[in-house]
Amino acid sequence: MQILSKPLRAASQVQNFLVRSIQDNIMLAHEQLRNYHRDSGAPRCKYPIVTHLCFADDRMVFMNGDVQTATSFATTLNIFSAITCLVVNNIKSNIFMSSLDSVTAYGIKTVLGFQVGSLPVKYLGLPLLSTRLSDSDCLPLTDHVLARIKSWKASVLSYAGRVLLVKAILSSMLIFWTSFFVLPKKIINFLNSIFRNFLWDGIELIYKQPVVSWTIIFHPYKEGGLGII
């Protein structure tokens, strides 16, 4: 069972320390939730490699799926609140359960008072999944790319300006996702077509016969390309 409680807030807004890099947290979270979608059998987090993950004001806690453990955790939160004056926001906190019967799940929800969530959920800018990444899971990436392009006034940009935007911003969005996921080939091809149409046409993204083949544009400068990744 996984509990995602975020954020912890107080009137003083005490600054939280970053204990891991964002890459470490994302990879550990996905490793913990492998096979979490199954209705039977033990998910990976039954034998957790970590008990909790922290990044800025995000907290993710892994624990056994029983009422006794939930009660102990709720008591710990109450003690923590009494000492630090930091209170968990139940409205913004979620609990995710796997392979539990309805009676146990209801008991845990009652003890903790958190909302029951469902995967995938967004964590540190990426979908938190228990299965292989699908085309539909990549919609936040494609929507983000399209929204960013539409926000630019590309009609006043030269080809060189659009190349810079593709390399510095659009490609970085793709690289961030590919650092953690193997993207479906369909999504890679779709984003390549978006980048190509933006370069040659602008924000309207209408296909035009390219002046230079896209495969050549991918090449480094010294090989006659533009160095777009």
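Residues numbered from 1 in each chain as written. Predicted model: local features only at pLDDT ≥ 70, side-chain atom pairs only at ≥ 80, totals over all residues. Heavy atoms only, no water.

## Things to note about the overall build of the protein
Helix and strand content of the protein: seven helices and nine strands. Within the protein, the proportion of its 229 residues that are buried is 41%. Contacts spanning at least 24 positions in sequence make up 66% of the contacts within the protein whose residues lie at least 6 apart. Accessible area for the protein stands at about 13,000 Å²; split by element, carbon and sulfur atoms hold 59% of it. (Helix = DSSP H or I, 4+ residues; strand = E, 2+ residues; numbered from the N terminus. Buried < 20%, exposed > 50% of the residue type's maximum accessible area, 1.4 Å probe, protein only. Contact = heavy atoms within 4.5 Å. Areas by Shrake-Rupley, 256 points an atom, 1.4 Å probe, with all protein chains shown as cover.)

## Quick notes on helix α3 (residues 102-112)
For α3, the complete set of buried residues consists of Thr 104, Ala 105, Gly 107, Ile 108 and Leu 112. Along α3, the residues classed as buried sweep out an arc of 160° about the axis, all on the same side. In α3, the exposed residues that point more than 90 degrees away from the buried face are Ser 102, Val 103, Tyr 106 and Thr 110. Between the side-chain oxygen of the N-cap and the backbone nitrogen of Val 103 there are 3.1 Å, and the N-cap of α3 in question is Asp 101. (Arc of directions from axis to C-beta. Polar contact = N/O pair within 3.5 Å; in protein donor to acceptor, adjacent residues only side chain to side chain.)

## Things to note about the packing of aromatic side chains
Remark: the centre distance and the inter-plane angle together describe each pair of aromatic rings, the angle taken between the planes. Counted by the stated rule, this structure contains four aromatic pairs. On the basis of an interplanar angle of 65° and a centroid distance of 5.5 Å, the ring pair of Tyr 159 and Trp 200 is categorised as edge-to-face. Linking Tyr 159 in helix α5 (residues 159-178) with Trp 200 in helix α6 (residues 185-201), this pair joins segments that are 41 residues apart in sequence. (Phe/Tyr/Trp six-rings, centres within 6.5 Å; stacked < 30°, edge-to-face > 60°.)

## Focus: the packing of α5 against α6
In the contact formed by α5 and α6, the axes pass within 9 Å of each other and the chain directions differ by 160°. Taken together, α5 and α6 sit at an angle that is classed as roughly antiparallel. Handedness of the α5/α6 crossing: right-handed. Contacts from Tyr 159, Arg 162, Val 163, Leu 165, Val 166, Leu 170, Ser 171 and Leu 174 of α5 reach α6 at Ile 188, Leu 191, Phe 195, Phe 198, Leu 199 and Trp 200. Looking at the contact of α5 with α6 residue by residue, the classes come out as 12 nonpolar, one polar and one charged. (Axes fitted to C-alpha atoms, helices over the stretch in contact; angles between N-to-C directions. Parallel < 35°, antiparallel > 145°, perpendicular 65-115°, else oblique. Left-handed = near helix turned anticlockwise from the far one by under 90°. Nonpolar A, V, L, I, M, F, W, Y, C, P; charged D, E, K, R; others polar.)

## Side note on the nonpolar core
Within the largest apolar cluster, 29 residues are counted, with the highest numbers of intra-cluster contacts made by Val 145 and Phe 195. Breaking this core down by element, the ones donating at least two residues are α4 (139-150), α5, α6 and α7 (214-217). Residue contacts for Phe 195: discarding those within four places in its chain leaves Val 145, Val 166, Leu 170, Ser 171, Leu 174 and Trp 214. Counting 11 residues, the second largest nonpolar core, distinct from the first, contains Ala 70, Ile 108, Leu 112 and Phe 114. (Core = buried A, V, L, I, M, F, W, Y, C linked by side-chain atoms within 4.5 Å.)

## Side note on α6
The end-to-end C-alpha distance of α6 is 24 Å, a good match for the 24 Å that 17 residues give at a rise of 1.5 Å each. Of all the positions in α6, only Ile 187, Leu 191, Asn 192, Ser 193, Ile 194, Phe 195, Asn 197, Phe 198, Leu 199, Trp 200 and Asp 201 are classed as buried. Where α6 is buried, its residues touch α4, α5 and α7. At the C-terminal side of α6, Gly 202 shows a positive phi close to 105°. (Expected span 1.5 Å × (residues − 1).)

## Digging into unusual backbone geometry
Most peptide bonds adopt trans geometry, and most residues besides glycine take a negative phi value. Positive phi, close to 65°, is recorded for Cys 85, a residue that is not glycine. With respect to the element layout, Cys 85 can be found in the loop between α2 (67-84) and β5 (87-88).

## Quick word on the confidence of the model for the protein
Scored by pLDDT, the protein comes out at a mean of 76, with 75% of its residues at no less than 70. Across the protein, α4 holds the top mean pLDDT of 91, while strand β2 (residues 8-9) sits lowest at 36. Note that residues 4-19 has pLDDT below 50 and, in this model, 36 contacts with residues that lie over four places away or in other chains. (pLDDT = per-residue confidence, 0-100.)

## Overview of the environment of Leu 141
Relative to the assigned elements, Leu 141 resides in helix α4. Sequence-wise, Leu 141 and Ile 187 are 46 residues apart; in three dimensions their C-alpha atoms are separated by 9.3 Å. Excluding residues that lie within four positions of it along the chain, Leu 141 makes contacts with Met 173, Leu 174, Trp 177, Leu 183 and Leu 191.

## So, the environment of Leu 119
Along the chain, Leu 119 falls in the loop between β7 (115-116) and β8 (121-123). What makes Leu 119 partly exposed here is its relative accessible area of 26%. For Leu 119 and Met 97, which are 22 residues apart along the polypeptide, the C-alpha to C-alpha distance reads 9.9 Å.

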